[in-house]
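Now for the letters of each chain:
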Amino acid sequence: MDDTHTTSVVSASGVMADHLSSTESCHQDVIVIGAGWSGLVCCKSMMEEGLSVVTLETRDNIGGVWCYSDDPNVPSVMKTTQCTSSSTVTEMSDYPMPEEIGMFPHHTDILEYLQAYAKEFDLYPHICLNTTVERTERTEEGWRAFCSSGRVYTSRYLVIATGVVQRPNRDLEDTMLKGFTGTVLHACEIKHPLEEFQGKRLLILGGGETGSDICLDWYNHASVIYWSIPRGQHFFRKYTKVVPWGKPQALDKASSRLMKSIAPYHHSKPGLSWVCKWTSNGSLLAYQGHGIPEWRNNAAFFKFFINKNGKVLDFVDYEHLVPKGAIIHCEGKQVTFVDGTAHEFDLVIMSTGYSVRYPYLPERYSNVGIRDRHKMVFDVEDPTLAFVGLARPIVGSIVTLSELNSRWAAKIFSGKVPLKTLEERKEDVKRDTAFWNDYLKNTSQRIEGLVEGFTYGDDIARHAGVFPNYWSLLKSHPKQWLVAITAPYNSATYRLNEEDKRDQAIATMRSHQKVTLGPVQYMLILFMRLIWFDWWLGKLSSVKFWFQTSPWWKRVRSWRLIRALDYLWTRPKAICFDKTSDDRNEMSARAKVLMRAHLAQLSKPPPPAPTTSATSHPNGTTTSRFSSHPTTTNGIHSHMTNSMRLLPETRTRKQQ
Ligand SMILES: Cc1cc2nc3c(=O)[nH]c(=O)nc-3n(C[C@H](O)[C@H](O)[C@H](O)COP(=O)(O)OP(=O)(O)OC[C@H]3O[C@@H](n4cnc5c(N)ncnc54)[C@H](O)[C@@H]3O)c2cc1C
Ligand SMILES: NC(=O)c1ccc[n+]([C@@H]2O[C@H](COP(=O)([O-])OP(=O)(O)OC[C@H]3O[C@@H](n4cnc5c(N)ncnc54)[C@H](OP(=O)(O)O)[C@@H]3O)[C@@H](O)[C@H]2O)c1
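Conventions we followed
- Residues numbered from 1 in each chain as written.
- Chains lettered and ligands numbered in written order.
- Predicted model: local features only at pLDDT ≥ 70, side-chain atom pairs only at ≥ 80, totals over all residues.
- Helix = DSSP H or I, 4+ residues; strand = E, 2+ residues; numbered from the N terminus.
- Buried ≥ 20, exposed ≤ 12 C-beta atoms within 10 Å, placed from the backbone.
- Contact = placed C-beta atoms within 7 Å.
- Near = placed C-beta within 6 Å.
- Nonpolar A, V, L, I, M, F, W, Y, C, P; charged D, E, K, R; others polar.
- Pairing = 2+ DSSP bridges.
- Axes fitted to C-alpha atoms, helices over the stretch in contact; angles between N-to-C directions.
- Domains from an automatic or database assignment.
- Expected span 1.5 Å × (residues − 1).
- Parallel < 35°, antiparallel > 145°, perpendicular 65-115°, else oblique.
- Left-handed = near helix turned anticlockwise from the far one by under 90°.

A.B. asks: How should I be thinking about the environment of His192 in this particular structure?
C.D. replies: Inspection of the secondary structure assignment puts His192 in the loop between β8 (183-186) and β9 (201-205). His192 gets classed as exposed once you count the C-beta atoms within 10 Å, which come to 12. C-alpha of His192 to C-alpha of Val77: the two residues are 115 residues apart in sequence and 10.0 Å apart in space. Residues in contact with His192, not counting those within four places in the same chain, are Met78, Lys79 and Asp217.

A.B. asks: For this particular structure, what's the right way to read the site of ligand 1?
C.D. replies: The local shell around ligand 1 holds 35 residues, among which Gly34, Gly36, Gly64, Gly163 and Gly389 are the closest. For the shell around ligand 1, the secondary structure elements donating two or more residues are α2 (37-48) and α9 (398-413). In terms of residue class, the shell around ligand 1 is built from 17 nonpolar, 16 polar and 2 charged.

A.B. asks: Where do I start with the sheet that holds strand β16 (residues 327-331) in this structure?
C.D. replies: The strand order across the open sheet formed by 3 strands is β16-β17-β18, and the pairing between neighbours is antiparallel. Unpaired on one side and paired on the other, β16 and β18 (342-344) mark the two borders of the sheet. Each neighbouring strand pair of the sheet contributes to a mean axis angle of 25°, computed without reference to strand direction. With 3 bridges connecting them, strand β17 (residues 334-337) and β18 associate as antiparallel partners. Each residue of the ladder has a partner; that of Thr336, found in β18, is Ala342.

A.B. asks: Mind showing me how you'd approach the site of ligand 2 here?
C.D. replies: Taken together, 30 residues form the shell around ligand 2, and within it Gly206, Gly208, Thr210, Arg231 and Gly353 come nearest. When residues of the shell around ligand 2 are assigned to their parent elements, the largest contribution, 4 residues, is made by helix α5 (residues 209-218). Two domains each donate at least three residues to the shell around ligand 2, and these are domain 1 (6-166 + 356-455) and domain 2 (171-353 + 524-650).

A.B. asks: In this structure, what is going on with unusual backbone geometry? I would like to understand it.
C.D. replies: Phi is mostly negative for residues that are not glycine, and the peptide bonds are mostly trans. Unlike most non-glycine residues, Met376 shows phi in positive territory, near 65°. For Met376, the location among the structural elements is in the loop between α8 (363-366) and β21 (385-387). If you check the backbone angles, Gln445 has positive phi at about 60° while not being a glycine.

A.B. asks: It is not clear to me how the environment of Asn297 should be interpreted in this structure. Could you clarify?
C.D. replies: Take Asn297: it is sitting in the loop between α7 (273-280) and β14 (306-307). On the neighbour-count criterion, Asn297 (18 C-beta atoms within 10 Å) is partly exposed. Here the alpha-carbon distance between Asn297 and Gly232, two residues 65 residues apart in the chain, equals 5.1 Å. When neighbours within four sequence positions are excluded, Asn297 is seen to be in contact with Arg231, Gly232, Phe304 and Asn442.

A.B. asks: Could you clarify how one ought to interpret helix α11 (residues 453-464) in this entry?
C.D. replies: Every α-helical turn comprises 3.6 residues, leaving residues that sit three or four positions apart pointing alike. Between its terminal C-alpha atoms α11 stretches 16 Å, which fits the 16 Å expected from 12 residues at 1.5 Å a residue. Those residues of α11 that fall on the buried side of the exposure criterion are Gly453, Phe454, Tyr456, Gly457, Ile460, His463 and Ala464. Where α11 is buried, its residues meet α6 (257-262), β22 (392-393), α9 and β23 (450-451).

A.B. asks: Mind showing me how you'd approach the packing of α9 against α11 here?
C.D. replies: Relative orientation and spacing of two packed helices are given, respectively, by the angle between their axes and the distance between those axes. Relative orientation of the contacting elements α9 and α11 amounts to 15°, with a least axis distance of 9 Å. Between α9 and α11, the angle falls in the class roughly parallel. The crossing of α9 and α11 is left-handed. Only Gly453, Tyr456, Gly457, Ile460, Ala461, His463 and Ala464 of α11 make contact with α9, whose side of the interface consists of Thr400, Leu401, Leu404, Asn405, Arg407, Trp408 and Lys411. Within the contact of α9 with α11, the residues separate by chemical class into 7 nonpolar, 5 polar and 2 charged.

A.B. asks: I'm lost on the pairing of strand β5 (residues 143-147) in this one. Help?
C.D. replies: A regular strand carries its side chains on alternate faces of the sheet. Because side chains alternate across β5, one face comprises the buried residues Trp143, Ala145 and Cys147, and the other comprises Arg144 and Phe146, none of which is buried. Here 5 bridges tie strand β4 (residues 133-138) to β5, and the two strands are oriented antiparallel to one another. Bridging from a neighbouring strand, Arg138 pairs with Trp143 of β5. Once β4 ends, the chain turns through 4 residues before running back antiparallel as β5. With 4 bridges joining them, β5 and strand β6 (residues 152-160) adopt antiparallel strand pairing. Residue Ala145 lies in a different strand from β6, and its bridge partner there is Tyr153.

A.B. asks: Could you clarify how one ought to interpret the sheet that holds strand β15 (residues 321-324) in this entry?
C.D. replies: By definition, the strands of a sheet pair up through backbone hydrogen bonds, in either a parallel or an antiparallel sense. The 5 strands lie next to each other as β8-β19-β9-β10-β15, forming an open sheet whose pairing is parallel. Edge positions in the sheet fall to β8 and β15, since each has one partner strand and no second. Taking the axes of each pair of neighbouring strands and ignoring which way they run, one obtains an average angle of 20° across the sheet. When strand β10 (residues 224-228) meets β15, the two strands line up parallel, connected through 4 bridges. Bridged to Trp227 within β15 is Pro323.

A.B. asks: Quick question: what am I supposed to make of the packing of helix α13 (residues 478-486) against helix α14 (residues 499-513) here?
C.D. replies: Closest axis-to-axis distance for the α13/α14 pair is 9 Å, and the angle between their directions is 55°. The orientation of α13 relative to α14 falls into the category oblique. Crossing angle aside, the handedness with which α13 passes α14 is left-handed. Listed contacts from α14 to Gln480, Val483, Ala484 and Thr486 of α13 are Ile506, Met509, Arg510 and Gln513. Its residues placed into classes, the contact of α13 with α14 shows 4 nonpolar, 3 polar and 1 charged.

Laid out in structure tokens, this is it:
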């Protein structure tokens, strides 16, 4: 494999698309299909390893789902979408997000970030927009991609980066919802609350993050919202205070190399689970991050996908937002639930996720399950074909795993890292499948690429040869080593072995250490681990569940005395931990949106240049908060303009 890429015909980088006639073919080392986040980072990784690359994209802009579209047929974020993974665990390894972007950026900020990333690493000349790959073909030399434009691209290697949000799952329409005569829509068709359903009765089906976003968006729009989660769901807060005297922090930041050693996630007692239980809902006994019996299931925390938009739990009141389990049957507009109750609805929104399809791949390649690929990246038999962005972490971000996938593929294609033999690859697939099947045994196994992100990421990093050499770092730079093991997980970790990027990586990691775990918390977590705190909590939670679901409890729970006791039980926690978390940070996010609107008024940027050319930069002429060349006093967060640094909201965030 390693010698073939050097013999492939390499065209001059960057100029291929504009100079070709409509049917002329263009040969590269690598074709990447899709210019969403994964495609961009893949394009950059290939270039980093000296490979020539062309990235083919259907849409007229980069960014994939982060490029908002009103068109219900185009998969994109909703109007109000904010990331659920924090910028700490989402940013790229050598292009930190500016601090001013906030902990959970709005989708417009993400698109801006991606456009700045593409500009910074000069990716635009390697991207062909408005180019749908309709069919691909495996040839003796490599791959051929036939595009809607009539052009044919050939390459030695092919990378698929077309995302996991593609084909909406509508199966329940014919099963659970059979017989329902009201309106049924899939969440992909909803970009904002629909006028015609104002004041109507809404049923949301499916407990993922889309379901949460819709609940929050529609809360003041629908007359009542029932939320049916047939197989239960685990929840997580975006922000939380881990200790009463601490400042609110992004909960997914509460992780580090040291933390993983104290309380490994891949074992049964993830160290953070008690923190999450404590901070996510009313009491320590709030199982699975919520303590709502209708949504409980048998999976242990961290062994089931966690919905990180836990703010929605504050809205569950059993009157306006009502939690429900599975649907038993539907008749007319009436829906009967597993608890025996029946209610009428005008609209059902199926927030039931998506499945992955590759209509443009030959059948032999498209009918392979995600887990049947080597580490979910390479086709086992034919490693000239790679997939990036298929692994979905329980906590963390898809895109940092896409980056690791891409870096590994680039190193394999360029021959810098050896590929395992066919036998070894088959063996790995068997072992990995057994591991993840066991890890996720109490889930529906519907999300094929579901993984514990840090475990999977480290595994890929080891294969790509970018797993940090902590021992050598300790010997050469002990202070940097300390930062590296105590800072929150961030993809800069995987740049620590690179001499020229290590200082920037450490500076990035240090910048994320603000407002996160300190020595006191580490000691506390270690202590909790030693006394089996998680185990005891699990037992007490089961008792709580038994109480909550007993028929006699249903009768007494509305008694005034019981309500008073419940209030007293949850009050200390509410005073110490609540209100200061999501609310306060959401306030600052709102201030940011207002400020952005104000700024736009002041600066009145010229309209973007029309972009139909394959090589044009969609945002090239607009005022961007990201300069194309982050200057480097410390290499961090330098792509913000000075005007943004002075914004009041910026100060608010820093003061927190
Ligand atoms: C509302 C929403 C919020 C999300 N929030 C988060 C988050 O907070 N954190 C997180 O990690 N993940 C989040 N995700 C998941 C999201 O999928 C990833 O963040 C990321 O965008 C994946 O990028 P991708 O490039 O793999 O896929 P996509 O963004 O889907 O990009 C795929 C690209 O391939 C193109 N394409 C498809 N078929 C073809 C073809 N035949 N020819 C040419 N081009 C083609 C598409 O046009 C698209 O541009 C969110 C997803 C949604 C829908
Ligand atoms: N704000 C944000 O950042 C944001 C917002 C929206 C989406 N996203 C991302 O976008 C992606 C898609 O999210 P999503 O919420 O649309 O989908 P999802 O996470 O896949 O959730 C789908 C939900 O539907 C249920 N479901 C699906 N098929 C079912 C069936 N046949 N029977 C019973 N239940 C079924 C699932 O249950 P099981 O899990 O038990 O199968 C799950 O509760 C994810 O990567 C997510 O992180 C992010």
